[in-house]
Amino acid sequence: MNNNLANIKKSIFFLNKKECVAIPTETVYGLAANAYSGKAVRKIYSLKKRPRNNPLIVHYYGLNLLKNDCELNKNFFILYKKFCPGPITFVLKLKKESLISRIVTNNKKSLAVRFPKNKLSRKLLKLLKYPLAAPSANITTKISPVSKEDVKEEFGNKIKFILNGGRSKIGLESTIISLVDKPKILRLGGIERARINKALNKNIRYEKAKKKITVPGQTKLHYSPGIPIKLNTKKSKSNEAFILIKKRKKSCKNYFYLSKTKNLRQAAKNLYKILREIKNKNYKNIVVEKIPNIGFGETINDRLKRASGK
Ligand code: TXA
Ligand code: MG
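None of these values were measured; they are calculated from a predicted model.

Criteria and cut-off values
- Residues numbered from 1 in each chain as written.
- Chains lettered and ligands numbered in written order.
- Predicted model: local features only at pLDDT ≥ 70, side-chain atom pairs only at ≥ 80, totals over all residues.
- Heavy atoms only, no water.
- Domains from an automatic or database assignment.
- Buried area = accessible area lost by both parts, 1.4 Å probe.
- Salt bridge = Lys/Arg side-chain N within 4 Å of Asp/Glu carboxyl O.
- Polar contact = N/O pair within 3.5 Å; in protein donor to acceptor, adjacent residues only side chain to side chain.
- Near = heavy atom within 4 Å.
- Areas by Shrake-Rupley, 256 points an atom, 1.4 Å probe, with all protein chains shown as cover.
- Helix = DSSP H or I, 4+ residues; strand = E, 2+ residues; numbered from the N terminus.
- Nonpolar A, V, L, I, M, F, W, Y, C, P; charged D, E, K, R; others polar.
- 1 Å grid on protein atoms, 1.4 Å probe; cavity = no way out; pocket = protein on both sides within 12 Å on 5 of 7 lines; lining within 4 Å.
- Points joined across faces, edges and corners; volume = space filled by probe spheres on them.
- Buried < 20%, exposed > 50% of the residue type's maximum accessible area, 1.4 Å probe, protein only.
- Pairing = 2+ DSSP bridges.
- Phe/Tyr/Trp six-rings, centres within 6.5 Å; stacked < 30°, edge-to-face > 60°.
- Lys NZ or Arg CZ within 6 Å of the ring centre and 35° of its normal.

Caption draft 1: Just the domain arrangement of the protein, in detail. Under the domain assignment used here, the protein contains domain 1 (5-206) and domain 2 (229-308). Between domain 1 and domain 2, the C-alpha centre-to-centre distance is 27 Å. Between domain 1 and domain 2 lies a buried interface of about 1800 Å² when both sides are counted; carbon and sulfur atoms form 52% of it. Together, Ile143, Arg167 and Leu172 form the three largest contributors to the area buried by domain 1 at its contact with domain 2, with a combined 34%. Between domain 1 and domain 2 we count 6 salt bridges in total. Here Lys279 makes a salt bridge to Glu153, at a shortest N to O gap of 3.9 Å. Linking domain 1 with domain 2 are 11 residue pairs in polar contact (both at pLDDT 80 or more), by the criterion used here.

So, in structure tokens, the structure goes:
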């Protein structure tokens, strides 16, 4: 049997037994479990050490199962047609008759849903009779994983199986947009704001989480490598890890390049990989060169600010 198919079958075996399986997506790897089963999703919270009041994103193949769970509106269909499957998460009104476990939503009346693009995960979702709740496959507040090896580093042998889908193509989490009321962006991510504005033909508000947190995961130190980070820095000391957006003529051992030529998409893809590498090399300090605050640069700056506790 084809190796991928065998691994998908193995994933189904564990998921049907209400166990957690790590799955590849184009954004980051997810820690997945049957979203209809309280028993299964409880394991996600405990493995991730995630507070129960932080709801999970549910992953679907398409609209078939989703129709039973959420109210779908015009803005949803516009964005779904344009960007799905892809790195965008919709917060929608939850239907009363939905089978989604209340532990997934923390009893909220809305549900975050997404249609990941990775081929293996799509095949898996297509074969299942339930959608998959899947937060990023990292311990809460740590760096999100972008490869099978990263997931291993986070959980060791504590999870039953990792479906290997190679390196995540986008490398940063999905953009979250709430469509419950007037559309608003809750988290910057894999789709640039300008593209969403264009699709909906208006300027969509971006609501950064303040004191009253709409997105509980959007707290300080959420993407933290556990090392102090200083942004907008021109120089570094030799014992500091220096993250640069563009390759320099003269390189040093402590320089880490997000891209060769200031390509922001490439930089986004490399960000978590580099943060993890720096952490593993035991640097005590990170300084970062100024990164243009446009397109993916906005998302990179957002993650770096969070990681630096700003
Ligand atoms: O790219 C992604 O979105 C990845 C991959 C695995 O799909 N998933 C991901 O999940 O980033 P997680 O749990 O790490 O982040 C999801 C965020 C959390 O901050 C959570 O608070 C928020 O989504 N969220 C979940 N349900 C919500 C809801 N009903 N309303 C508002 N925010 C919600
Ligand atoms: Mg996360």
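So, next bit.
Caption draft 2: Spotlight on the site of ligand 1. Ligand 1 sits among 28 residues. The nearest are Thr27, Asn54, His59, Arg114 and Ser174. Asn54 places a side-chain nitrogen or oxygen 2.5 Å from an oxygen atom of ligand 1. For ligand 1, an oxygen atom lies 2.7 Å from a polar atom in the side chain of His59. In the complex, 99% of the free accessible area of ligand 1, which totals 680 Å², lies under the protein chains. Contributing elements (two or more residues each) for the shell around ligand 1: β3 (57-59), β4 (88-93), β5 (110-114) and β9 (184-187). The biggest single contributor to the shell around ligand 1 is β5, with 3 residues. Each residue belonging to the shell around ligand 1 can be placed in one class, and the counts come to 13 nonpolar, 10 polar and 5 charged.

Caption draft 3: A look at empty space enclosed by the protein. Counted according to the given criterion, the structure contains 1 cavity of 30 Å³ or more. Volume-wise, the largest cavity comes out at about 40 Å³. For the largest cavity, the full set of lining residues is Thr175, Leu188, Gly189, Ile191, Glu192, Arg193, Gly295, Glu298 and Thr299. A breakdown of the residues in the lining of the largest cavity according to their chemical character gives 2 nonpolar, 4 polar and 3 charged. Two domains each put at least three residues into the lining of the largest cavity: domain 1 (5-206) and domain 2 (229-308).

Caption draft 4: Expanded view of the pairing of β5. With respect to burial, β5 is a largely interior element, 5 of its 5 residues being buried. Along β5, one buried face is formed by Ser110, Ala112 and Arg114 and the opposite face, lined by Leu111 and Val113, is buried too. Judged from the 5 bridges that link them, β4 and β5 form a sheet pairing that is antiparallel. Across the sheet, the residue bridging to Val91 is Ala112, located in β5.

Caption draft 5: How the structure looks around unusual backbone geometry. Each neighbour pair has its own omega, and for Cys84 with Pro85 the value is -5 degrees, a cis peptide bond. Within the secondary structure layout, Pro85 lies in the loop between α4 (74-83) and β4. In this model, Asn106 sits at a positive phi of 55 degrees, which is unusual for a non-glycine residue. On the secondary structure map, Asn106 appears in the loop between α5 (102-105) and β5. Of note, the phi angle at Asn107 is positive, near 60 degrees, even though the residue is not glycine. Structurally, the position occupied by Asn107 is in the loop between α5 and β5.

Caption draft 6: Molecular detail of the packing of aromatic side chains. All chains considered together, the criterion is met by 11 aromatic pairs. The interplanar angle of 75 degrees and the centroid separation of 5.2 Å between the aromatic rings of Phe13 and Phe14 together place this pair among those described as edge-to-face. According to the relative accessible area criterion, Phe13 is partly exposed, its value standing at 45%. Through a chain of ring-to-ring contacts, the aromatic side chains of Tyr60, Phe76, Phe77, Tyr80, Phe90 and Phe115 assemble into a single cluster. It is Arg52 that lies over the ring of Tyr45; its NZ or CZ is 5.7 Å from the centre.

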